[in-house]
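Here is how the chains run, residue by residue.
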Amino acid sequence: MSPAPQPSSAELARYLELRGELGKPWMLQMLRLSKLKEARDQMTPETYLKSIQEAHADLMRLGEFWKGREEEVFNGDYRPNDVIEPLPGSPEDR
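Residues numbered from 1 in each chain as written. Predicted model: local features only at pLDDT ≥ 70, side-chain atom pairs only at ≥ 80, totals over all residues. Heavy atoms only, no water.

Engineer: I'd love a proper account of helix α1 (residues 9–19), names of residues and values included.
Structural biologist: Count 3.6 residues to each turn of an α-helix, and residues three or four apart come out pointing the same way. Turning to α1, its buried residues number three or more, namely S9, L12 and L16. Looking straight down α1, one finds that the buried residues subtend no more than 60 degrees of arc, so they occupy a single side. In this structure, α1 carries E17 and L18 as exposed residues pointing more than 90 degrees from its buried face. Turning to α1, the residues buried within the fold contact α2 (25–39). Looking one or two residues beyond α1, the residue adopting positive phi is G20, at roughly 70 degrees. (Buried < 20%, exposed > 50% of the residue type's maximum accessible area, 1.4 Å probe, protein only. Helix = DSSP H or I, 4+ residues; strand = E, 2+ residues; numbered from the N terminus. Arc of directions from axis to C-beta. Contact = heavy atoms within 4.5 Å.)

Here it is in structure tokens:
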């Protein structure tokens, strides 16, 4: 049995836009990974690996933003923090 076909990045972007989900950082990460997957054949292995590592680092930085705000974030009432983290120039900032 073959795996279910994955949507293209364009289809995913249209879907996210229709649902109003493009402002959610974790959805943008899904779109980013989809675009990387599509571009993999045109990239050198080193460039692809570096891009995946950057995407992973960015995703890990998102990992804590929702803690304590699960209802707000996952029930559609998301409002961004007043302070954007990581702060520019901090060790976590690239």
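From this point on, the discussion continues.
Engineer: Tell me about the packing of α1 against α2, residues and numbers included.
Structural biologist: For the pair α1 and α2, the least separation of the axes is 9 Å and the interaxial angle reads 165 degrees. In this view, α1 runs roughly antiparallel relative to α2, as classed from their interaxial angle. In the crossing of α1 with α2, the sense of the turn from one axis to the other is left-handed. Across the interface between the two elements, S9, L12, A13 and L16 from α1 touch M27, M30, L31, S34, K35 and E38 from α2. Its residues assigned to classes, the contact of α1 with α2 shows six nonpolar, two polar and two charged. (Axes fitted to C-alpha atoms, helices over the stretch in contact; angles between N-to-C directions. Parallel < 35°, antiparallel > 145°, perpendicular 65-115°, else oblique. Left-handed = near helix turned anticlockwise from the far one by under 90°. Nonpolar A, V, L, I, M, F, W, Y, C, P; charged D, E, K, R; others polar.)

Engineer: Can you tell me about α2, naming the residues and giving the values?
Structural biologist: For α2, built from 15 residues, the straight-helix expectation of 21 Å at 1.5 Å per residue is met to within 8% by its first-to-last C-alpha distance of 21 Å. Turning to α2, its buried residues number three or more, namely P25, W26, M27, Q29, L31, S34 and L36. (Expected span 1.5 Å × (residues − 1).)

Engineer: So, the packing of α2 against helix α3 (residues 45–62): which residues are in play, and what are the values?
Structural biologist: Running from amino to carboxyl end, α2 crosses α3 at an angle of 170 degrees, the nearest separation of the two axes being 11 Å. Considered as vectors, α2 and α3 are oriented roughly antiparallel to each other. Here α2 contributes P25, W26, Q29, R32, L33 and L36 to the contact with α3, which in turn contributes Y48, S51, I52, E54, A55, D58, L59 and L62. Counted by class, the contact of α2 with α3 contains nine nonpolar, two polar and three charged residues.

Engineer: Could you give me a rundown of the nonpolar core, with the residues and numbers involved?
Structural biologist: By size, the foremost hydrophobic cluster in this structure holds five residues: L12, L16, W26, M27 and L31. Elements supplying a minimum of two residues to this core: α1 and α2. If one sorts the elements of this core by residue count, α2 sits on top with three residues. (Core = buried A, V, L, I, M, F, W, Y, C linked by side-chain atoms within 4.5 Å.)

Engineer: I'd like a rundown of the side chain of E21, residues and numbers included.
Structural biologist: Mapped onto the fold, E21 is located in the loop between α1 and α2. Here E21 falls in the buried class, since its relative accessible area comes to 9%. E21 has contacts with L16 and M27, leaving out every residue within four places of it along the chain.

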